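Here's the letter readout for the chains.
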Amino acid sequence: MRLNAKYFDLKEKVIIVAGANGLLGQECVEGFISQNSIVIGLDNESIKRKETDNYIHIICDLTDFDETEKTMLSIVDQYKKIYAMVNTAYPRTKDWGRTFLEEDIKYFNSNVIGTLNVLELSKKTKIKKLIYAASASCYGIPEKYPTNENSKINPQYPYALTKNIGEQLILHWGKIYNMPNISLRFFNAYGPKSRTTGAYGAVFGVFLAQKLANQPLTIVGDGTQTRDFIHVFDLVEAIITVATKAKNNQIFNVASGKETSVNQIAEIIGGDKISIPKRPSEPDRSLADITKISSELNWQPKISINQGVKMMLQIIKDWKDAPVWTPESINEATKNWFKYLGKN
């Protein structure tokens, strides 16, 4: 992606992107590189893009304090000043049913222990700004729509809880130690690097693989449930805006500010449809109030859902190796969701 360079003064500034191989991490790397920054990607997996004069990739497990400390100190030793660190780290799992419920230790380690390690080392190395990729899942099933940053926190499953604990650490350390921390609550992100292998999960990866295989699109429930989908390119521009403009110790919703039903997504993608049972503890609606980030930082999303989905359809072959989910395989993958959350 290429951002409008006139908005940002980031030339030759050193940016660390943790979780550099993820959907958001990869696009963050590209976004900061487009601003002529020097970008250092951290991930516990090997590089997904070539190193260049302004991109270096380091394999690093953020949940290991000693390893992370050695990495961070070596970066500071070489570059002296770190302008910003963006923590998008996200543990990858092999089974979606385990993702939220049986692999909660993995999520705790990544979202809590890993975040704490990043905080301690950001404090030690005096990073100018630390940006945390939080999640709108902290709101659970909201009481009010659009949902603003002051809404009740009510996580419904372990992943959401651990992401919110990470956010609390970010804000508490910022307050106590006067650190320049920001938390961004992302709503439903999608984009060209949406999950293509492994676990059952995000609707776009599921639908695109099904369409390629000439299989019906699996609609959860009646498909009228809505989500506030935000294209990853818009997310990255929000992150870079926050890195250059935002005051410290703030929380911002980052979303489109519009709700789109699953049925609408299916209509844009096209093809036959089949219904599968609605999952418990999932909201019927998702709609963010983005007044704060819009008014304080003059940020607005630019990519409509129609435009974003059509962009993904243009590269649909990227999902040719993705698993093709059927009602039967989804039922198997999500059985623990119904087992543990169906009683709530």
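Refer to the structure printed above.
Residues numbered from 1 in each chain as written. Predicted model: local features only at pLDDT ≥ 70, side-chain atom pairs only at ≥ 80, totals over all residues. Heavy atoms only, no water.

Draft legend 1. Main features of the overall build of the protein chain. For the protein chain, the count of helices and strands is 12 helices and 13 strands. Computed over the C-alpha atoms, the radius of gyration of the protein chain is 19 Å, within 12% of the 20 Å expected from 2.2 N^0.38 for a compact globule of 344 residues. Within the protein chain, buried positions represent 54% of all 344 residues. Of the contacts made within the protein chain by residues no fewer than 6 positions apart, 79% connect residues no fewer than 24 positions apart. Accessible surface, the protein chain: about 15600 Å² in total, of which carbon and sulfur atoms supply 49%. (Helix = DSSP H or I, 4+ residues; strand = E, 2+ residues; numbered from the N terminus. Rg over C-alpha atoms; globule rule 2.2 N^0.38 Å. Buried < 20%, exposed > 50% of the residue type's maximum accessible area, 1.4 Å probe, protein only. Contact = heavy atoms within 4.5 Å. Areas by Shrake-Rupley, 256 points an atom, 1.4 Å probe, with all protein chains shown as cover.)

Draft legend 2. Molecular detail of the nonpolar core. Residues Leu 24, Phe 32, Leu 184 and Ile 239 are the most contacted members of the largest nonpolar core, which totals 42 residues. When contributions to this core are tallied by element, the ones reaching two or more residues are strand E1 (14–18), helix H1 (23–34), strand E4 (84–87), strand E5 (130–135), strand E6 (181–186), helix H7 (232–245), strand E11 (250–254) and helix H9 (291–297). The biggest single contributor to this core is H7, with eight residues. (Core = buried A, V, L, I, M, F, W, Y, C linked by side-chain atoms within 4.5 Å.)

Draft legend 3. Fine view of the side chain of Gln 225. Of note, Gln 225 is situated in the loop between strand E8 (217–220) and strand E9 (226–227). Separated by 2.8 Å, the side chain of Gln 225 and the backbone oxygen of Val 220 make a polar contact. A distance of 3.2 Å separates the side chain of Gln 225 from the backbone nitrogen of Gly 223, its partner in a polar contact. Look past the residues within four positions of Gln 225 in its chain and what remains in contact with it is Val 220, Thr 260, Ser 261, Val 262, Pro 283 and Asp 284. (Polar contact = N/O pair within 3.5 Å; in protein donor to acceptor, adjacent residues only side chain to side chain.)

Draft legend 4. Looking closely at the packing of H1 against H7. Packing of H1 against H7 leaves a shortest axis separation of 9 Å and a crossing angle of 60°. Here H1 is positioned oblique relative to H7, judged by the angle of their axes. The element H1 and its partner H7 pack so that their crossing is right-handed. Taken together, the residues of H7 that come into contact with H1 (itself represented by Leu 23, Leu 24, Glu 27, Cys 28, Gly 31 and Phe 32) are Val 232, Phe 233, Leu 235, Val 236, Ile 239 and Ile 240. Taken together, the residues of the contact of H1 with H7 break down into 10 nonpolar, one polar and one charged. (Axes fitted to C-alpha atoms, helices over the stretch in contact; angles between N-to-C directions. Parallel < 35°, antiparallel > 145°, perpendicular 65-115°, else oblique. Left-handed = near helix turned anticlockwise from the far one by under 90°. Nonpolar A, V, L, I, M, F, W, Y, C, P; charged D, E, K, R; others polar.)

Draft legend 5. Region of interest: the sheet that holds strand E2 (residues 38–43). With respect to topology, seven strands assemble into an open sheet ordered E3-E2-E1-E4-E5-E6-E11, the strand pairing being parallel. Only two strands of the sheet have a single partner each, and these edge strands are strand E3 (55–59) and E11. When the angles between neighbouring strand axes are averaged without regard to direction, this sheet yields 20°. Here E4 pairs with E5 via three bridges, running parallel. Residue pairing across strands places Asn 87 opposite Tyr 132, the latter belonging to E5. Here helix H5 (residues 158–177) sits on the sheet in contact with E5, E6 and E11, set at roughly 150° to E5. Helix-sheet contacts for H7 involve E4, E5, E6 and E11, and the interaxial angle to E6 is about 160°. (Pairing = 2+ DSSP bridges.)

Draft legend 6. Layout of the pattern of salt bridges. The tally for this structure, following the rule as stated, stands at 11 salt bridges. Put simply, Lys 123 and Glu 120 hold a salt bridge, and the shortest N to O gap is 3.4 Å. Of this pair, Lys 123 and Glu 120 both sit in helix H4 (residues 104–125), separated by three residues, roughly a single helical turn. Under the relative-accessibility criterion, Lys 123 is labelled partly exposed at 29%. Note on Glu 120: relative accessible area 26%, which makes it partly exposed. For Arg 185, the salt bridge identified is with Glu 167, shortest N-O distance 2.7 Å. Linking Arg 185 in strand E6 with Glu 167 in helix H5, this pair joins segments that are 18 residues apart in sequence. (Salt bridge = Lys/Arg side-chain N within 4 Å of Asp/Glu carboxyl O.)

Draft legend 7. Expanded view of helix H2 (residues 65–79). In this model, H2 (15 residues) spans 21 Å end to end at C-alpha, consistent with the 21 Å of a helix rising 1.5 Å per residue. Thr 68, Glu 69, Thr 71, Met 72, Ile 75 and Val 76 are the residues of H2 that are buried. Along the axis of H2, the buried residues cluster in a sector spanning 165°; they form a single face. Across from the buried face of H2, at angles greater than 90 degrees, the exposed residues are Asp 66, Lys 70, Asp 77 and Gln 78. Contacts from the buried residues of H2 go to E1, E2, E3, E4 and H4. With a side-chain oxygen positioned 3.2 Å from the backbone nitrogen of Asp 66, the residue opening H2 is Asp 64. (Expected span 1.5 Å × (residues − 1). Arc of directions from axis to C-beta.)

Draft legend 8. Expanded view of the environment of Leu 116. Structurally, Leu 116 can be placed in helix H4. Judged by its relative accessible area of 28%, Leu 116 falls in the partly exposed class. Between the C-alpha atom of Leu 116 and that of Phe 65, which follows or precedes it by 51 residues, the distance is 9.1 Å. If sequence neighbours within four positions are ignored, Leu 116 has contacts with Leu 169 and Trp 173.

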